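Notes for the structure review
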Amino acid sequence: DAGITQSPRHKVTETGTPVTLRCHQTENHRYMYWYRQDPGHGLRLIHYSYGVKDTDKGEVSDGYSVSRSKTEDFLLTLESATSSQTSVYFCAISAGTSGGTDTQYFGPGTRLTVL
Amino acid sequence: KNEVEQSPQNLTAQEGEFITINCSYSVGISALHWLQQHPGGGIVSLFMLSSGKKKHGRLIATINIQEKHSSLHITASHPRDSAVYICAVGNGGSQGNLIFGKGTKLSVKP
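Owing to the predicted nature of the structure, the values given are computational and were not obtained by experimental measurement. (Residues numbered from 1 in each chain as written. Chains lettered and ligands numbered in written order. Predicted model: local features only at pLDDT ≥ 70, side-chain atom pairs only at ≥ 80, totals over all residues. Heavy atoms only, no water.)

Note the cis peptide between serine 7 of chain A and proline 8 of chain A, where omega equals -5°. Along the chain, proline 8 of chain A falls in the loop between strand E1 (4–7) and strand E2 (10–13). That bond from serine 7 of chain B to proline 8 of chain B is cis: its omega, -10°, falls within 30 degrees of zero. Positionally, proline 8 of chain B belongs in the loop between strand E1 (4–7) and strand E2 (10–14). Although it is not a glycine, lysine 68 of chain B sits at a positive phi angle of roughly 55°. (Helix = DSSP H or I, 4+ residues; strand = E, 2+ residues; numbered from the N terminus.)

Turning next to the sheet that holds strand E8 (residues 69–74) of chain B. Residues and elements named next belong to chain B. Taken in spatial order, the 5 strands line up as E1-E3-E8-E7-E6 in an open sheet, and their pairing is antiparallel. Strands at the two margins of the open sheet, each flanked by one partner only, are E1 and strand E6 (52–56). If you compare each strand with its neighbour and ignore which way they point, the axes differ by 15° on average. Here E1 pairs with strand E3 (residues 19–25) via 4 bridges, running antiparallel. Considered in E3, the bridge of valine 4 is made with tyrosine 25. (Pairing = 2+ DSSP bridges. Axes fitted to C-alpha atoms, helices over the stretch in contact; angles between N-to-C directions.)

The structure is reproduced here in structure tokens:
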């Protein structure tokens with residue numbers, strides 16, 4: 001199994017509070033991704049990173065920010081959590097990129113509930 | 001309009017049955033991925049293919065680029081195959097992003 005961990009694994013928070021989710025990898029992979037998974041939807045990309053301090057927005061980036069100060073860590077921040085951000089969040093990594101021809105390895109997920 | 005469509009959405013089979021899950025896509029792709037999401041939530045990559053067919057154990061994945069269609073077959077299905085199977089396509093963009101289908105939930109009864 002690829003060395004990917006996410007923390008916390010479960011979190012319950014209140015509307016308006018800031019939340020930070022952490023993804024940590026031990027594979028030294030260049031690309032890291034944050035997805036959310038909701039019933040009735042496929043996995044949707046929030047933000048991704050293609051190197052230290054290099055990040056870009058995905059399909060559903062509103063209300064989220066990210067940071068990557070080290071190769072191994074990719075942080076997802078909800079500046080002011082809303083109930084619509086209740087979801088399961090997955091981090092993924094891949095070694096390189098050739099237009100989606102690299103396998104992505106997924107973390108175990110974080111279940112976030114915003115009350 | 002969904003760019004990646006899977007069918008069926010739900011599938012119930014008896015142990016031993018041959019299973020087929022379908023994936024159609026509307027965009028040009030560089031590769032197609034099949035993933036498995038276990039009941040506990042973990043997601044693992046099963047196959048990545050850009051042409052032809054790949055086989056791993058009882059799993060077979062095929063792709064027809066001209067028809068923009070892929071199938072995932074499971075031979076001699078077993079209850080432990082019960083999971084959500086997800087199709088995703090790489091659209092050739094420079095950052096390797098994938099577009100995911102909504103998944104097919106498979107339940108194999110003993």
